[in-house]
Amino acid sequence: MNALRERLWTILEPATEGDTLSKWCDVFLITLILTNVFAAVIETVEWIANRWGWALSLFEHFSVSIFAVEYLLRLWSCRANPQYDSLIWGRVRFAMTPLALIDLLAILPAFLPASHIDLRMLRLLRMFRLLRSIKLARYTAAVDIFVAVFREKKE
């Protein structure tokens, strides 16, 4: 079980030299994140949302499922890192790290019932979907540029 946990941890973390499976996992997750950001942006165009809303919604459900499984697998396998070795508190410490919190906030809106939320709250939850782009911080320093542009153009 420990060997599986350790291997899963190395696959989900950014790839090291020569780890092909981890590299493909990185490519898949980066592509999914970028595609989600693109989908969230084009969904704001009314005619696209009217015509392709069903496909965008289906893609959203698929993506949230993948991201939720990724989050749960990271939470399970984090004990492979000596920093999070404790059965309960290690996972709690991992779950409280900035990247784990971003992962959680990126999927959380999909699990909240939208029927009792006013439109302002719904817009805020949609904004959380864009947090998926911040998940790229795990993979690239280019996120620093994205954050700088976002700060400059936030209005």
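All values reported here derive from a predicted model rather than from experimental measurement.

Reading the values: rules and limits
- Residues numbered from 1 in each chain as written.
- Predicted model: local features only at pLDDT ≥ 70, side-chain atom pairs only at ≥ 80, totals over all residues.
- Heavy atoms only, no water.
- Helix = DSSP H or I, 4+ residues; strand = E, 2+ residues; numbered from the N terminus.
- Buried < 20%, exposed > 50% of the residue type's maximum accessible area, 1.4 Å probe, protein only.
- Contact = heavy atoms within 4.5 Å.
- Lys, Arg positive; Asp, Glu negative; His and termini not counted.
- Salt bridge = Lys/Arg side-chain N within 4 Å of Asp/Glu carboxyl O.
- Phe/Tyr/Trp six-rings, centres within 6.5 Å; stacked < 30°, edge-to-face > 60°.
- Lys NZ or Arg CZ within 6 Å of the ring centre and 35° of its normal.
- pLDDT = per-residue confidence, 0-100.
- Bend = angle between axes of the 7 residues up to and from the residue.
- Core = buried A, V, L, I, M, F, W, Y, C linked by side-chain atoms within 4.5 Å.
- Axes fitted to C-alpha atoms, helices over the stretch in contact; angles between N-to-C directions.
- Parallel < 35°, antiparallel > 145°, perpendicular 65-115°, else oblique.
- Left-handed = near helix turned anticlockwise from the far one by under 90°.
- Nonpolar A, V, L, I, M, F, W, Y, C, P; charged D, E, K, R; others polar.

A. Broad picture of the overall build of the protein. Scanning the protein for helices and strands turns up seven helices and zero strands. Along the protein, helices and strands appear, N-terminal first, in the series α-α-α-α-α-α-α. Across the 155 residues of the protein, 34% fall into the buried class. Considering only intrachain contacts with a sequence separation of at least 6, the fraction spanning at least 24 residues in the protein is 61%.

B. Focus on the side chain of Arg-79. Topologically, Arg-79 is positioned in the loop between α3 (46–77) and α4 (89–95). Of the side chains with opposite charge, Asp-85 lies nearest to the buried Arg-79, which makes no salt bridge, at 4.1 Å. For Arg-79, the contacting residues outside a window of four places in its chain are Arg-5, Tyr-84, Asp-85, Ser-86, Leu-87 and Arg-91.

C. Broad picture of the packing of aromatic side chains. Going through the model one piece at a time under the given rule, you end up with three aromatic pairs. For the pair Trp-9 and Phe-94, a centre-to-centre distance of 5.7 Å together with 70 degrees between the ring planes defines the contact as edge-to-face. With Trp-9 in helix α1 (residues 2–12) and Phe-94 in helix α4, this residue pair connects regions lying 85 residues apart in the sequence. For the pair Trp-9 and Phe-94, one class covers both residues: buried. The side chain of Arg-5 reaches across the aromatic face of Trp-76, ending 4.8 Å from its centre.

D. Representation of the confidence of the model for the protein. Residues with a pLDDT of 70 or more make up 74% of the protein, whose mean pLDDT is 83. No element of the protein has a lower mean pLDDT than helix α6 (residues 119–129), which averages 56, and none a higher one than α4, which averages 97.

E. Layout of α3. At Trp-52, α3 is deflected by roughly 80 degrees, the largest bend along its length. Residues Ile-48, Leu-56, Glu-60, Ser-63, Val-64, Phe-67, Ala-68, Glu-70, Tyr-71, Arg-74 and Ser-77 constitute the buried set of α3.

F. Just the nonpolar core, in detail. Core analysis: the biggest nonpolar cluster contains 17 residues, and Cys-25, Phe-67, Tyr-71, Cys-78, Phe-94 and Ile-107 have the highest contact counts within it. Residue assignment for this core shows that the elements contributing at least two residues are α1, α2 (20–42), α3, α4 and α5 (98–111). Among all residues touching Ile-107, those that are not within four sequence positions of it are Val-64, Phe-67, Ala-68 and Tyr-71.

G. Molecular detail of the environment of Lys-23. Relative to the helices and strands, Lys-23 resides in helix α2. Judged by its relative accessible area of 51%, Lys-23 falls in the exposed class. Residues Lys-23 and Leu-12, eleven residues apart in the sequence, show an inter-C-alpha distance of 9.2 Å.

H. Spotlight on the packing of α1 against α3. Contact pair α1 / α3: the axes reach a minimum separation of 9 Å and the direction vectors enclose 130 degrees. The orientation of α1 relative to α3 falls into the category oblique. Handedness of the α1/α3 crossing: left-handed. Contacts between α1 and α3 involve Leu-4, Arg-5, Leu-8, Trp-9 and Leu-12 on the former and, on the latter, Glu-70, Leu-73, Arg-74, Trp-76 and Ser-77. Classifying every residue of the contact of α1 with α3 gives six nonpolar, one polar and three charged.

I. Local environment of the pattern of salt bridges. Enumeration according to the criterion identifies three salt bridges in this entry. The closest approach of N and O atoms between Glu-13 and Arg-74, which form a salt bridge, is 3.0 Å. Here Glu-13, found in the loop between α1 and α2, pairs with Arg-74, found in helix α3; they are 61 residues apart in sequence, far enough to count as distant. Its relative accessible area of 24% is what places Glu-13 among the partly exposed residues. Arg-74 is the partner of Glu-70 in a salt bridge, and the nearest nitrogen-oxygen pair spans 2.9 Å. Of the two residues, Glu-70 and Arg-74 are both situated in helix α3; the distance of four residues between them amounts to about one turn of the helix. A residue is classified by how much of its surface remains accessible, and Glu-70, at 5% relative accessible area, is buried. Salt bridges linked by common partners bring Glu-13, Glu-70 and Arg-74 together as one network.

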